[in-house]
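As a plain string of letters, each chain reads:
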Amino acid sequence: VDNRQAVAFARLAEEAQRDGRDEDAVRCAGQALVLREGLGGAWNNLGVSLMRLQQWIAAVDAFRRAAELLPGDPRPYENLGYLYRERGFGEDAIRNFNSSLERDPYWLPSIRGAVVSAKALLRSDEDGLERVKRGLLVDDDPKWRKIYEGERTRIKQDLDERLRRLKSGL
């Protein structure tokens, strides 16, 4: 198998994806992966284009394959998180953002994704509080800092209220 040809198709797929030509990106990524199935980045990019084309099941499969081939890369699970959040599966989104954060605890897109997903579900737990704190450590964007501060306050209040109820026997 000509590795150079596979890489060339993968690059064409990336260019097509950047230009918003997702059908072309899927076609080129498919050619790359026929030539060399182990191109993890091509699987991840294929998943992004499939997601944009609303081919959800195929996108999930592509991201999972990318996650297997790229064991230290947080992006495949980040992308699965976005896909599940977009489709209305908040708990699955959080689970995948957390898998991304297991690979890189300070991966900002996954911190943001997990915080927003938990906020939408009004989920309050120690893990969420930890993600918010990490976000405050690494994110300089004023808009996001405001979101983290609000979530930190909400989560702390919810946790404090739960503790009060436990102590009072309710």
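Residues numbered from 1 in each chain as written. Predicted model: local features only at pLDDT ≥ 70, side-chain atom pairs only at ≥ 80, totals over all residues. Heavy atoms only, no water.

A. The overall build of the chain, seen in detail. When helices and strands are tallied, the chain shows nine helices and zero strands. Counting from the amino terminus, the chain carries its helices and strands in the arrangement α-α-α-α-α-α-α-α-α. Going through the 170 residues of the chain one by one, you find that 41% of them count as buried. Sequence separation of 24 or more characterises 52% of the internal contacts of the chain that already satisfy a separation of 6 or more. A total accessible area of about 9,700 Å² is found for the chain, and carbon and sulfur atoms account for 50% of it. (Helix = DSSP H or I, 4+ residues; strand = E, 2+ residues; numbered from the N terminus. Buried < 20%, exposed > 50% of the residue type's maximum accessible area, 1.4 Å probe, protein only. Contact = heavy atoms within 4.5 Å. Areas by Shrake-Rupley, 256 points an atom, 1.4 Å probe, with all protein chains shown as cover.)

B. Up close: a nonpolar patch on the surface. A cluster of nonpolar side chains, namely Tyr106, Leu137 and Val138, defines an oily patch on the protein surface of about 300 Å² accessible area. Considering the arrangement of structural elements, one finds Val138 in helix H8 (residues 126–138). Looking at Val138, the relative accessible area reads 33%, which means it is partly exposed. (Patch = residues over 30% accessible without salt bridge, like charges linked within 9 Å, V, L, I, M, F, W, Y side chains within 5 Å. Salt bridge = Lys/Arg side-chain N within 4 Å of Asp/Glu carboxyl O.)

C. Quick peek at unusual backbone geometry. Phi angles above zero are rare outside glycine, and Gln54 is one such case at about 60°. Relative to the elements of secondary structure, Gln54 occurs in the loop between helix H3 (40–52) and helix H4 (56–69). Residue class for Gln54 comes out exposed when judged on its relative accessible area of 55%. Even without glycine at this site, Leu122 takes up a positive phi of about 55°. Tracing the backbone through its elements, the reader meets Leu122 in the loop between helix H7 (108–121) and H8.

D. The packing of helix H6 (residues 90–103) against H7, seen in detail. Closest axis-to-axis distance for the H6/H7 pair is 9 Å, and the angle between their directions is 155°. It follows that H6 is roughly antiparallel to H7 by the angle criterion. Pair H6 / H7 crosses with left-handed handedness. Counting all contacts with H6, which are made through Gly90, Glu91, Ala93, Ile94, Phe97, Ser100 and Leu101, the residues of H7 involved are Pro109, Ser110, Ile111, Gly113, Ala114, Ser117, Ala118 and Leu121. Broken down by class, the residue content of the contact of H6 with H7 amounts to nine nonpolar, five polar and one charged. (Axes fitted to C-alpha atoms, helices over the stretch in contact; angles between N-to-C directions. Parallel < 35°, antiparallel > 145°, perpendicular 65-115°, else oblique. Left-handed = near helix turned anticlockwise from the far one by under 90°. Nonpolar A, V, L, I, M, F, W, Y, C, P; charged D, E, K, R; others polar.)

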